[in-house]
Amino acid sequence: MQANEAGAEHAAPPAESHPEEPDRRTSGAADRSRPAPVTLRSDLRAGLVDGVIALVVTAAVFAILYARIEAKTSSTVTVMPFMADAGAFWMYFLSQAFGWSALLWAWGTVVLGLLLSGPRPGRLPLSAPTLERLHRTTSLNTIALIFAHALLFGAELVNHNKDGLLGAMGTAFVEVFVPGGYDSGTGRIAIPVGQGALYLAIPLGLLFYVRHRIGPKTWRVMHRFVLVVYVLSVWHTLLYGTNVWYDGWFRTTIWLLQLPIAALFLMRLLRPARRSERLRGLRDHKGSATGWSLRFAGRAAAVAVVVVLLAVVITGRDGGRAEPPADTTSTHNHD
């Protein structure tokens with residue numbers, strides 16, 4: 001989930017006043033002008049502020065979810081009436097809060113990545129190097145938030161398992177981290193989708209720091225799959241997020257937030273920064289006809305996605321469940 005490599009990662013070598021003894025003043029000036037190397041450790045330090053903000057947002061979301069459960073206004077209570085006791089299931093709601101902040105941070109890092117890799121607006125509030133660093137730090141914090149979301153969900157399963165601590169921990173590990181381990185209701189699909197997002201996010205986010213070993217071209221190709229991580233995250237939320245279980249403005253807002261990403265992605269395809277990725281006429285294309293067809297199909301698919309998103313936002317219908325009447329008691333059990 002990292003930005004493209006900064007263009008200025010090198011500087012001219014220091015001038016030498018003597019073949020065997022470089023001028024210390026000139027050498028020192030060149031060393032100071034050379035940007036510091038980007039490492040995982042430096043980005044972890046730079047991401048501390050962003051991480052604190054993410055925790056504050058998570059705490060605020062948790063407070064809102066908790067209050068809505070207590071007031072019996074949350075869809076979660078309709079889906080799972082037995083969870084109306086917010087105090088007994090606080091870890092589940094904290095897991096939800098981390099999930100929402102993870103989705104928000106994933107949204108932000110994808111937007112930053114598309115801004116950096118596509119045609120940039122004429123005026124941006126931050127410089128390109130600052131945006132790249134922010135893209136990297138939000139990416140690392142997204143991974144941490146996703147993992148915290150999964151870990152707390154597992155802790156909730158352990159907390160309400162009567163098989164003993166070791167047995168409960170083993171069962172929770174399988175259900176949360178092993179694809180196919182969770183076999184209840186909607187979770188049979190939603191949990192593996194979320195696991196896919198986590199297991200793709202970790203290597204795709206960390207490969208940036210070893211890009212010189214695997215080769216910049218290989219890294220760029222693999223980095224494009226970051227968008228898949230985001231799609232899986234949104235899919236997981238729409239499938240399993242009890243707050244957006246039913247049709248309504250909250251669920252529609254999730255779709256509305258996808259419009260900027262779809263638009264930026266379409267612009268990235270139509271006006272790529274690299275000349276080699278630009279789509280010319282078939283006769284002017286230097287590669288194979290198959291490659292041209294795939295690029296054309298990708299652009300057509302992006303246009304179709306934008307049209308579908310607009311239709312969903314305008315109609316407010318995306319295939320979600322219709323909310324039951326107010327006097328209907330739900331019988332769902334953590335479905």
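Residues numbered from 1 in each chain as written. Predicted model: local features only at pLDDT ≥ 70, side-chain atom pairs only at ≥ 80, totals over all residues. Heavy atoms only, no water.

### Re the overall build of the chain
Moving on, step 1. Of the regular secondary structure elements, the chain holds 14 helices and 0 strands.
Moving on, step 2. The order of helices and strands in the chain, counted from the N terminus, is α-α-α-α-α-α-α-α-α-α-α-α-α-α.
Moving on, step 3. The 335 residues of the chain split such that 41% are buried.
Moving on, step 4. Excluding contacts between residues fewer than 6 apart, the proportion of contacts in the chain whose partners are at least 24 apart in sequence is 71%.
Moving on, step 5. With an accessible surface of roughly 18,700 Å², the chain has 65% of that area assigned to carbon and sulfur atoms. (Helix = DSSP H or I, 4+ residues; strand = E, 2+ residues; numbered from the N terminus. Buried < 20%, exposed > 50% of the residue type's maximum accessible area, 1.4 Å probe, protein only. Contact = heavy atoms within 4.5 Å. Areas by Shrake-Rupley, 256 points an atom, 1.4 Å probe, with all protein chains shown as cover.)

### Considerations on helix α5 (residues 90-117)
Moving on, step 1. Between its first and last C-alpha atoms α5 spans 40 Å; for 28 residues at 1.5 Å apiece the expected length is 40 Å, and the two agree.
Moving on, step 2. Within α5, 24 of the 28 residues are buried, leaving the element largely enclosed by the surrounding structure. (Expected span 1.5 Å × (residues − 1).)

### Some words on the nonpolar core
The nonpolar side chains of a soluble globular protein tend to be buried with one another.
Moving on, step 1. Membership of the largest hydrophobic core comes to 52 residues, with the highest contact counts inside it found for Tyr 92, Phe 93, Phe 153 and Tyr 230.
Moving on, step 2. The set of elements that each furnish at least two residues to this core consists of α3 (48-70), α4 (75-79), α5, α6 (128-159), α7 (165-177), α8 (187-206), α11 (226-240) and α13 (258-270).
Moving on, step 3. No other element matches α5, which puts 14 residues into this core.
Moving on, step 4. If you look at the next biggest cluster of nonpolar residues, it comprises 8 residues, including Val 193, Leu 204, Val 229 and Leu 232. (Core = buried A, V, L, I, M, F, W, Y, C linked by side-chain atoms within 4.5 Å.)

### Brief notes about the side chain of His 236
Moving on, step 1. As for its position among the elements, His 236 is in helix α11.
Moving on, step 2. Sequence-distant contacts of His 236, defined by excluding residues within four places in its chain, comprise His 149, Ala 190, Ile 191, Val 193, Gly 194 and Gly 241.

### Here's the deal with the pattern of salt bridges
Where charged atoms of side chains with opposite charge meet at close range, the side chains can pair.
Moving on, step 1. Under the criterion given, the structure shown has 1 salt bridge.
Moving on, step 2. Between Asp 43 and Arg 136 there is a salt bridge, with the nearest N and O atoms lying 2.7 Å from each other. Residue Asp 43 is located in helix α2 (residues 40-46), and its partner Arg 136 is located in helix α6; the two are separated by 93 residues in the primary sequence. In this structure, Asp 43 and Arg 136 share a single accessibility class: buried. (Salt bridge = Lys/Arg side-chain N within 4 Å of Asp/Glu carboxyl O.)

### Here we look at α8
Moving on, step 1. The end-to-end C-alpha distance of α8 is 28 Å, a good match for the 28 Å that 20 residues give at a rise of 1.5 Å each.
Moving on, step 2. Its buried side turned inward, α8 meets α6, α7, α10 (216-223) and α11.

### Some points on the side chain of Glu 156
Moving on, step 1. Among the structural elements, Glu 156 can be located in helix α6.
Moving on, step 2. Of the side chains with opposite charge, Lys 162 lies nearest to the buried Glu 156, which makes no salt bridge, at 9.9 Å.
Moving on, step 3. Within polar-contact distance, the side chain of Glu 156 engages the backbone nitrogen of Tyr 92 at 3.3 Å.
Moving on, step 4. With residues near it in sequence (within four places) discarded, Glu 156 still touches Phe 89, Met 91 and Tyr 92. (Lys, Arg positive; Asp, Glu negative; His and termini not counted. Polar contact = N/O pair within 3.5 Å; in protein donor to acceptor, adjacent residues only side chain to side chain.)

### Details of the confidence of the model for the chain
Moving on, step 1. Averaged over every residue, the pLDDT of the chain is 81; residues scoring 70 or more account for 79%.
Moving on, step 2. Confidence, read as mean pLDDT per element, is least for helix α1 (residues 24-33) in the chain (49) and greatest for α3 (95).
Moving on, step 3. This stretch, residues 3-27, has a pLDDT under 50; its non-local contacts, to residues over four places away or in other chains, come to 33 contacts.
Moving on, step 4. Below pLDDT 50 for its whole length, residues 327-335 participates in 23 contacts with residues either more than four positions away or in separate chains. (pLDDT = per-residue confidence, 0-100.)

### Here we look at the packing of aromatic side chains
For any pair of aromatic rings, the description consists of the separation of the ring centres together with the inter-plane angle of the planes.
Moving on, step 1. Enumeration over the complete set of coordinates arrives at 13 aromatic pairs.
Moving on, step 2. Taken together, a centroid distance of 5.2 Å and an interplanar angle of 90° make the contact between Phe 208 and Tyr 209 edge-to-face. For the pair shown, Phe 208 and Tyr 209 are each scored as buried.
Moving on, step 3. Each member of the aromatic cluster is reached from another via a ring pair, and the members are Tyr 92, Phe 93, Phe 153, Tyr 182 and Tyr 240.
Moving on, step 4. Over the face of the ring belonging to Phe 208 we find Arg 211, whose NZ or CZ atom lies 4.1 Å from the ring centre. (Phe/Tyr/Trp six-rings, centres within 6.5 Å; stacked < 30°, edge-to-face > 60°. Lys NZ or Arg CZ within 6 Å of the ring centre and 35° of its normal.)

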